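# Structural overview for review
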Amino acid sequence: MQTPVPSELKAKLAQAYPEHASRIVEALETPPSVSLRLNPARTLSAHPFAELEDGTIPWLPTELEGYWLSERPTFALDPLWHAGAYYVQDASAMTLATIWEQLGWHETPKLALDLCAAPGGKSTLLRDLLPAETLLVSNEILPKRCKILVENMVKWCGADQMIITQEEPQRLTPWLQGFCDLILVDAPCSGEGLMRRDEEARRMWSPQLVADCVTRQRSILQEAMRMLAPEGVLLYATCTLNQEENDQMVQWLLDNYPCELIDLSHCAERIAGACATSYGLHLWPGIVRGEGQYLAALRLTDIVETPSETHKAKGLTRTSRQTFDSLSWLSKATSADYYTIGERIYQLTPEATQHLAEAYKHRLAIATPGLEIASMRHQAKGYEPSFALLHHPLYATAGLPALELPLQEALRYLRGEALTTETPTERGVTVITYRGIPLGLAHSTGARLNNLYPKPYRLRI
Ligand SMILES: C[S@@+](CC[C@H](N)C(=O)[O-])C[C@H]1O[C@@H](n2cnc3c(N)ncnc32)[C@H](O)[C@@H]1O
C-alpha cells in the first residue's frame with residue numbers, strides 16, 4: 001500500500017501556497033505523467049511509441065522534440081531506449097531548455113559543470129543546448145549512480161566533449177576554481193515534487209529531512225560559487241516544493257555571494273501553470289503537466305575565487321601516427337586530436353586535454369575522459385572500435401559492416417545472448433543495428449556472432 005502524503009507536508013503546502021495546495025496534494029495521489037525527449041543526433045523513421053503519443057511538450061525550443069505518452073510502456077523492452085535514441089524525462093525537468101535563451105551569453109561558454117549529474121537527464125539536455133565547443137564536466141558523487149551517468153552519456157553522444165567525474169564537490173574545487181562559465185546544481189533534495197512516482201520520497205519525508213537537505217545544498221552551493229568564473233551563471237534546480245530549499249536558498253546565495261538574479265519570469269508564460277516568483281520558476285504537479293521542479297538562475301558579479309593558474313599540467317600522450325593509421329576501419333581522416341590513455345584511444349580537444357591532465361594531477365576519479373574511439377581488447381588483435389564511437393557522428397566515417405536485427409533478435413542481443421545469422425557476415429567486428437540505429441558490437445566468425453554488448457548494460461528481463 002502506498003504511504004500517504006505526510007500531513008505535516010500538507011499543512012506546510014497549505015500555508016505556503018493557499019491557492020494551489022489542494023490541487024497539488026490531490027495530484028500527488030494520481031499517477032505521474034510520462035514523457036520523453038528525442039535525441040536530436042538520431043534520425044528515426046517514426047516516433048517511438050507513436051500510438052501512445054499524447055501531445056508535444058510546447059516549452060521545448062524548436063530544435064528539440066519531446067512529447068507526453070498516455071501511459072507508461074516498458075521502455076526496457078524497446079531497443080531504441082537502450083540505444084539512446086530518446087531519454088525518458090519528466091516534462092518539468094526539461095524547463096532548463098525553456099530558460100536557455102534567457103541566460104544571454106555574451107561569449108560562448110568554454111567550460112560548463114553539472115555538479116550533481118546522475119542519472120544524466122539534465123546533462124543530456126545540456127549537451128544538446130551547449131555549443132559543440134563547450135567542454136561539459138558532469139559529476140556524480142555516488143559510484144553506482146556515476147556508472148549509470150556514464151552509460152547514459154555514452155549512449156546519448158559518445159560522451160564527446162565531456163569529462164565525467166565521480167567526486168565530492170569540494171574535491172573538484174581546487175581543479176576548477178574560478179573556471180566554470182556555467183554550473184548546474186540540480187541538488188539532492190527532499191523530493192516533495194516527485195512523491196507520486198517515488199514511494200521512498202513519501203516514506204522518508206520529515207521536517208528534519210528538509211533541514212538536512214538545506215544544509216547539504218548550502219555546502220554544495222558553496223563549492224559551486226567558488227568554481228564559477230567571473231560573470232559565470234549558476235543554475236539551481238530542485239524537484240521539491242518547499243520554500244526553504246527553493247526561493248529561500250536563492251536568497252541565501254544573494255546574501256552571501258556577489259551575484260544577481262537572472263529574470264526568468266517571461267519563461268513562465270511559455271509553460272502552462274508555471275509560477276514565477278522574483279527568485280525563480282516553480283512548477284507544481286497538478287498545475288503543470290509534469291512533476292515538481294524549481295529553477296533559478298544567478299550571475300556572478302564579482303570574483304569569488306581567482307583561477308589558481310591557467311591549467312598547465314603536462315599534457316597527455318598523443319596517439320602516434322602509426323597507431324592511428326592502424327585503425328583501418330576509421331576510413332576517413334579527421335582533423336581531430338587523438339590521445340592514448342591506458343589501452344584506449346580518445347578524441348579530445350586541446351582544452352579538454354589540459355583540463356584532464358590537471359584533473360589527473362589532482363588525483364580525481366575520472367569515470368570517462370571523453371569520446372573513446374578505440375580500445376585494445378587483445379594485444380594480438382590490436383585496437384578495435386569502441387562502443388562509444390557507435391553513438392557519435394564519427395561512426396559515419398567508420399567503414400564497419402552492420403547487421404540489422406528485428407525486435408526479438410535485438411532484445412536477445414541486448415541480453416548478451418550469442419546470435420546466429422542465416423546471412424553470413426564479414427569476419428571481424430560488426431555493428432548491430434535496430435531500425436537503423438546502432439545498438440552495439442559483435443564479433444563475427446562468419447556463421448556465429450559473439451556478443452560484445454557491454455556486460456553492465458545488459459537487459460535483465
Ligand atoms: C536530483 S539528482 C540529479 C538528477 C540529474 N541532474 C538528472 O537530471 O538526471 C541529485 C544528485 O545529487 C547527488 N548527490 C547526493 N549528495 C550529494 C552531495 N553531497 N554532493 C553532490 N551531489 C550529491 C545524488 O546522488 C543525485 O544523483
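Conventions adopted
- Residues numbered from 1 in each chain as written.
- Predicted model: local features only at pLDDT ≥ 70, side-chain atom pairs only at ≥ 80, totals over all residues.
- Heavy atoms only, no water.
- UniProt positions renumbered as here; feature names shortened; annotations may be inferred.
- Domains from an automatic or database assignment.
- Contact = heavy atoms within 4.5 Å.
- Buried area = accessible area lost by both parts, 1.4 Å probe.
- Salt bridge = Lys/Arg side-chain N within 4 Å of Asp/Glu carboxyl O.
- Polar contact = N/O pair within 3.5 Å; in protein donor to acceptor, adjacent residues only side chain to side chain.
- Nonpolar A, V, L, I, M, F, W, Y, C, P; charged D, E, K, R; others polar.
- Helix = DSSP H or I, 4+ residues; strand = E, 2+ residues; numbered from the N terminus.
- Buried < 20%, exposed > 50% of the residue type's maximum accessible area, 1.4 Å probe, protein only.
- Pairing = 2+ DSSP bridges.
- Axes fitted to C-alpha atoms, helices over the stretch in contact; angles between N-to-C directions.
- Phe/Tyr/Trp six-rings, centres within 6.5 Å; stacked < 30°, edge-to-face > 60°.

Named according to an unreviewed UniProt entry, the protein chain is NOL1/NOP2/sun family protein originating from Porphyromonas uenonis 60-3. In the Sequence similarities (unreviewed entry) part of its UniProt record, the protein chain is described as follows: "Belongs to the class I-like SAM-binding methyltransferase superfamily. RsmB/NOP family."

## A word on the domain arrangement of the protein chain
When its domains are assigned, the protein chain resolves into domain 1 (7-300), domain 2 (310-399) and domain 3 (400-460). Relative placement of domain 1 and domain 2: their C-alpha centres are 30 Å apart. Tallying the contact residues gives 25 residues for domain 1 and 24 residues for domain 2. Both sides of the domain 1 and domain 2 interface together cover about 1900 Å² of buried area, and 65% of this is carbon and sulfur. Taken together, domain 1 and domain 2 are joined by 0 salt bridges. The interface formed by domain 1 and domain 2 contains 12 residue pairs in polar contact (both at pLDDT 80 or more). Grouping the constituent residues of the side of domain 1 that touches domain 2 by class yields 16 nonpolar, 4 polar and 5 charged.

## As for unusual backbone geometry
The step from Ala-118 to Pro-119 runs through a cis peptide bond, and the omega angle for that step is 5°. With respect to the element layout, Pro-119 can be found in the loop between strand 5 (111-114) and helix 5 (121-129). We note that Ala-159 has phi near 60°; this positive angle belongs to a residue other than glycine. Of the residues examined, Ala-159 reaches a relative accessible area of 0% and is grouped as buried. For Gln-161, which is not glycine, the phi dihedral falls at a positive 55°. Along the chain, Gln-161 turns up in the loop between helix 6 (143-157) and strand 7 (162-165).

## Concerning the sheet that holds strand 17 (residues 371-378)
An order of 14-15-17-18 is seen for the 4 strands of this open sheet, with the pairing classed as antiparallel. Two strands close off the open sheet at either side, each with one partner strand: strand 14 (337-341) and strand 18 (382-385). Sheet twist, expressed as the average angle between the axes of neighbouring strands with direction ignored, equals 30°. One ladder, built from 5 bridges, connects strand 14 with strand 15 (residues 344-348); its direction is antiparallel. The partner of Tyr-338 across the bridge, within strand 15, is Gln-347.

## Looking at helix 10 (residues 247-256)
For helix 10, the set of buried residues is Asp-247, Met-249, Val-250, Trp-252 and Leu-253. Buried-residue contacts for helix 10 involve helix 9 (207-227), strand 9 (228-238), strand 10 (259-261), strand 12 (281-283) and strand 13 (293-300).

## Details of helix 5
In terms of burial, helix 5 is a largely internal element, 8 of the 9 residues being buried. Within the span of helix 5, buried status applies to Gly-121, Lys-122, Ser-123, Thr-124, Leu-125, Leu-126, Arg-127 and Leu-129.

## Brief notes about the packing of aromatic side chains
Overall, the coordinates contain 13 aromatic pairs when judged by the stated rule. With centroids separated by 6.3 Å and ring planes inclined at 85°, the aromatic side chains of Phe-49 and Tyr-86 adopt a geometry described as edge-to-face. Residue Phe-49 is located in the loop between strand 1 (34-38) and strand 2 (53-56), and its partner Tyr-86 is located in strand 4 (residues 86-88); the two are separated by 37 residues in the primary sequence. Each member of the pair, Phe-49 as well as Tyr-86, is classed as buried.

## Observations regarding the UniProt feature "binding site: S-adenosyl-L-methionine" (unreviewed entry) in the protein chain
Taking the UniProt record as the reference, the feature "binding site: S-adenosyl-L-methionine" (unreviewed entry) is found at Cys-116, Ala-117, Ala-118, Pro-119, Gly-120, Gly-121, Lys-122, Glu-140 and Asp-186. For the residues just named, distributed over 71 residues, the greatest C-alpha separation is only 12.6 Å, placing them together at one site. For Ala-118, the location among the structural elements is in the loop between strand 5 and helix 5. Classification of Ala-118 as buried rests on a relative accessible area of 10%. If we ignore the near neighbours within four places in the chain, the residues touching Ala-118 are Glu-140, Arg-145 and Leu-149. According to the relative accessible area criterion, Glu-140 is buried, its value standing at 6%.

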